[in-house]
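# Structural description and commentary
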Amino acid sequence: MKLILRFFGFLFAAGTILFVVGVAAAAGLLWHFSKDLPDYSQVQDYEPPVMTRVHAADGSLVAEYARERRLYIPIQAVPKLVINAFLAAEDKNFYEHGGLDFTGIARAAVVYLQNYGSSRRPQGASTITQQVAKNFLLTNELSMARKVKEALLALKIERTYSKDKILELYLNEIYLGLGAYGIAAASLVYFDKAVNELTVPEAAYLASLPKAPSNYHPFRQRERALERRNWVLDRMAEAAFIKTADAEQAKKSPLGVTTKVTGAHPFATEYFAEEVRRELYERYGEKKLYEGGLSVRTSLDPKLQVLARKVFADGLVRFDETQGWRGPVSKIDFAGDWGVKLADVKSLSDIAPWRLAVVLEVSDQSARIGLQPGREPGGFVSKERAVGILPLEGMKWAKTGGKPVGKVGQVLNAGDVVYVEPAKTEGQFVLHQIPEVSGAMVVEDPWTGRVLAMVGGFSFDQSQFNRATQALRQPGSSFKPFVYAAALDNGYTPSTIVLDAPLEIDQGPGVGVWRPENYEGGFNGPSTLRFGIEHSRNVMTVRLAQDIGMPLIADYAKRFGVYDDLPPYLSFALGAGETTLLRMTTAYGMFDNGGRRIKPTLIDRIQDRYGHTVYKHDERECIGCDGKKWENQPEPSLVDRRQQVLDPMTAYQITSMMEGVVLRGTAAGAGFQKEVGKPVAGKTGTTNDEKDAWFIGFTPDIVVGVYMGYDKPRHLGRGATGGHLSAPIVKDFLKVALADKPSVPFRVPPGIKLVRVDLKAGTRAGPGTERAILEAFKPGTAPPDNYSVVGDGGESQGQGRSWGVGVSPDADRAVRSGTGGLY
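Keep in mind it's a predicted model, so treat the numbers as computed, not measured. (Residues numbered from 1 in each chain as written. Predicted model: local features only at pLDDT ≥ 70, side-chain atom pairs only at ≥ 80, totals over all residues. Heavy atoms only, no water.)

## Structural notes on the overall build of the protein
Per the secondary structure count, the protein includes 24 helices and 28 strands. Taking all 823 residues of the protein together, the buried fraction comes to 51%. When the accessible surface of the protein is summed, it comes to about 39000 Å², and 53% of that surface belongs to carbon and sulfur atoms. (Helix = DSSP H or I, 4+ residues; strand = E, 2+ residues; numbered from the N terminus. Buried < 20%, exposed > 50% of the residue type's maximum accessible area, 1.4 Å probe, protein only. Areas by Shrake-Rupley, 256 points an atom, 1.4 Å probe, with all protein chains shown as cover.)

Below is the structure:
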């Protein structure tokens, strides 16, 4: 008996010693691993990388920028269905355990012992809390040390944060494949839906992804993806999150994945979106742009953007096709499956409805073509093969060597790869080629500077260079309104007479004599300022610049933001300096709004990830807008402190004169009056050797600028003027954009007098005047009774020679021919 008692005493002592040693060892291990644990309190201040989203003015999504495509969503906004799907798949006891699931650990330990020595990966037993600890604070290293640290951190996190907070962190942090982080982004990427719109099978599929998204890819691993989703559905039914019948019904549905397009989403917004991205990068830096979760509301009007892209592309194509056919994009051997070969030919992705096609068969009157097949999700070439007919009528423009096209064989051969567009007749197509000529288009609100639409070239996929903001081009005669505005602001009137006659300017020793010429040749003798701008008379503009001085013109160019430092040479009065289309369009907007400075902007407002406004374009001060309730206080009022860069009366005078450009001058041939049918003002511009063609036009509430030219400037062709190339594009745009808008005249500022004058002579109109118009005069000015000509000898001091209203026919003919010495 004593031996038995002694034996049990020994066992007790040994057990006690082993227990103490075990506790000491465990304490030592805990101390060892605890001392190097990361600071788990940083989870409280966690700010995950969140993507920046750019929206149009109507709220539609334009673009997203992110390293990790994530939208942070609070747990209160996550539907119970989605929460249950993830709990069933990852941690069904989440709301019951204290951070560690000991049942799961035991199960994983058994599997580990069974697979010991094999190459199979150990089964996980991590709870959601442990996954949060690993994802936020540790690495993915497979080791016992990491698992111990993970468990310790999980216990600490559970004691510090609520279950909902832990689950919120998890659901926003996890990677779910296809570049999506968190359930909100994944819902959009996989199903193009908000989280609250997900169905049972869709929620189950997302919940199946955290373990290994690439193993359950919706296209490359479709069968495994379906199997895993169905497993999650079974777990949901087993946990009574859904009914068994609902789970069985959900298993019958396909994955239904509809991948969301990334980048600039609405058609034709690529140049606009990239310009916004550049501005955000310059303003906030790379990290804030791609991780800061900015919400950007832009000034973009999607309908006007699509319209601008269409009319601009049509204008480029219209001109390019007059230059003839340059040949096919490529040539392939179409024997066998031509679709696969054609699919490998690079095509521009942003010029729909154009698409590539291969010529399969050629006859005299038509060609049979095969259309480039699309690619299925996952990159596989579609098995569908569509064919069509390209009739001779659809390629009449494609002259080669100047010869008219009489047979299809003159243009195309079998195997040629070309661009085509569907014709009005079903099954038939029209031949196209990518234009060599390029240019840009800007649509702006003249009252705020908000850019409503921007086209930086024919195709962003072809060239990301934004010609609206980055291309420095000579504006040519479209700069002249600033010269005339400077004169009108300094004592001149629209009826002031300037001499249109031969002019020689000595440019200094060794430089030679400059003889400015009018584009159309010839001279018109004494002519009004209105005539000079309506018909874009170069010599008159140079004389005017001589009279008022280039320093004054340079000052006005700087005021309007056209140039920062215009050289004081007379040739720059004709637009010889380089500037951008955006600057010019904005400057015309200041004519339109009565001379108030505006800054062009593509961004209305920027909010940070918390919804706080960190930038807004509208700088007007609202007095009285902070009232919490109505207490008979004065109505709120907006205070506009923007600089007045031009007298409002001068702005109206120059606007009225540019209306004449559209009605009677260099843009009259575009057909604004007939097709738009509303007040339009504007100015054409054509540079030396016809390298660039400009037109900037505006109505009382919108301003549109267009230039066309080759990227490496070269001659466009005789007659390729702003009035012939660019003005029709603006006209086509305004015709549609203003179709449902009322006709509103340009606003006449207080103080302006409208007086009937003779259009040609500028003098007060009498009863027998054949062509009379209403001319705008400031207080203290009036139509002249006789000529006072700017540009005659001795005029540099502003003393003009008086001419009778009637100029002798012989003198007039002499001036027009340039042979007389009278002027």
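## Brief notes about the packing of aromatic side chains
Applying the stated rule across the entire model yields 21 aromatic pairs. When the centroid spacing of 5.0 Å and the interplanar angle of 80 degrees are considered together, the rings of Phe 94 and Tyr 95 count as edge-to-face. For Phe 94, a relative accessible area of 0% gives the class buried. Three or more aromatic residues joined by ring pairs make a cluster, and in this case those are Phe 479, Phe 482, Phe 560, Tyr 563, Tyr 588, Phe 591, Phe 698 and Phe 746. In this structure, Arg 309 packs its charged tip against the face of Phe 458, placed 5.2 Å from the ring centre. (Phe/Tyr/Trp six-rings, centres within 6.5 Å; stacked < 30°, edge-to-face > 60°. Lys NZ or Arg CZ within 6 Å of the ring centre and 35° of its normal.)

## Description of unusual backbone geometry
Cis geometry is adopted by the peptide bond preceding Pro 353, which originates at Ala 352 and carries an omega value of 15 degrees. Structurally, the position occupied by Pro 353 is in the loop between helix H14 (338-343) and strand S7 (355-362). Phi at Ser 536 is positive, roughly 50 degrees, even though this residue is not glycine. In this fold, Ser 536 is placed in the loop between helix H16 (529-534) and helix H17 (538-548). Since its relative accessible area comes to 10%, Ser 536 is described here as buried. The phi angle at Asn 632 is positive, at roughly 60 degrees, despite the residue not being glycine. Mapped onto the secondary structure, Asn 632 falls in the loop between strand S20 (621-623) and strand S21 (637-639).

## Considerations on the nonpolar core
Counting 83 residues, the largest nonpolar core has Phe 479, Phe 482, Tyr 484, Phe 560, Leu 566, Tyr 588 and Phe 591 as the members making the most contacts within it. If we ignore the near neighbours within four places in the chain, the residues touching Phe 591 are Pro 481, Phe 482, Ala 485, Phe 560, Leu 646, Ala 651, Ile 654, Thr 655, Met 658 and Phe 698. Judged by nonpolar contacts, the second largest core, of 55 residues, contains Ile 83, Ala 88, Leu 188 and Tyr 216. (Core = buried A, V, L, I, M, F, W, Y, C linked by side-chain atoms within 4.5 Å. Contact = heavy atoms within 4.5 Å.)

## A short note on the pattern of salt bridges
Inspection of every chain in the model, using the stated rule, returns 49 salt bridges. Between Glu 275 and Arg 278 there is a salt bridge; the shortest N-O distance is 2.6 Å. Of this pair, Glu 275 and Arg 278 both sit in helix H11 (residues 270-284), three residues apart, roughly one helical turn. Arg 278 matches Glu 275 in its accessibility class, with the two residues each being buried. (Salt bridge = Lys/Arg side-chain N within 4 Å of Asp/Glu carboxyl O.)

## Quick word on the state of the cysteines
Evaluated as defined, the whole model comprises one disulfide. Disulfide pairing places Cys 622 opposite Cys 625 at an S-S distance of 1.4 Å. (Disulfide = S-S within 2.5 Å.)

## With respect to a nonpolar patch on the surface
Among the surface-exposed residues, Val 748, Leu 754 and Leu 774 lie close enough to one another that they form a single nonpolar patch of about 260 Å² accessible area. Here Leu 754 is to be found in strand S25 (residues 753-758). (Patch = residues over 30% accessible without salt bridge, like charges linked within 9 Å, V, L, I, M, F, W, Y side chains within 5 Å.)

## Focus on the sheet that holds strand S1 (residues 52-55)
Pairing in this open sheet of five strands is mixed, and the strands run S2-S1-S5-S18-S19 from one edge to the other. Of all the strands in the sheet, just strand S2 (61-65) and strand S19 (613-616) have a single pairing partner and so form its edges. Ignoring which end each strand starts from, the neighbouring axes of this sheet average 15 degrees apart. Pairing between S1 and strand S5 (residues 295-298): three bridges, direction parallel. (Pairing = 2+ DSSP bridges. Axes fitted to C-alpha atoms, helices over the stretch in contact; angles between N-to-C directions.)

## Side note on the sheet that holds strand S22 (residues 681-686)
Strands sit in the order S13-S12-S24-S23-S22 across an open sheet of five strands; the sheet is antiparallel. A single partner strand is all that each edge strand has here, and the edge strands are strand S13 (451-455) and S22. Taken over all neighbouring pairs, the strand axes of this sheet differ in orientation by 5 degrees on average, direction set aside. The pairing of S22 with strand S23 (residues 692-699) spans six bridges and is classified as antiparallel. Paired with Ala 681 across the strands is Phe 698, a residue of S23.

## Notes on the environment of Asp 333
For Asp 333, the position within the fold is in the loop between strand S6 (330-331) and H14. Sequence-wise, Asp 333 and Gly 415 are 82 residues apart; in three dimensions their C-alpha atoms are separated by 6.0 Å. From its side chain, Asp 333 meets the backbone nitrogen of Ala 335 in a polar contact 3.1 Å long. (Polar contact = N/O pair within 3.5 Å; in protein donor to acceptor, adjacent residues only side chain to side chain.)

## Describing the packing of helix H15 (residues 480-488) against helix H20 (residues 648-663)
Two measures define how a pair of helices packs: the angle their axes make with one another and the distance between the axes. Two elements in contact, H15 and H20, have axes whose closest approach is 9 Å; the angle formed by their N-to-C orientations is 135 degrees. As summarised for this structure, H15 and H20 are arranged oblique, according to the angle between their axes. For the crossing formed where H15 meets H20, the hand is right-handed. Contacts from Pro 481, Tyr 484, Ala 485 and Leu 488 of H15 reach H20 at Thr 650, Gln 653, Ile 654, Met 657 and Met 658. (Parallel < 35°, antiparallel > 145°, perpendicular 65-115°, else oblique. Left-handed = near helix turned anticlockwise from the far one by under 90°.)

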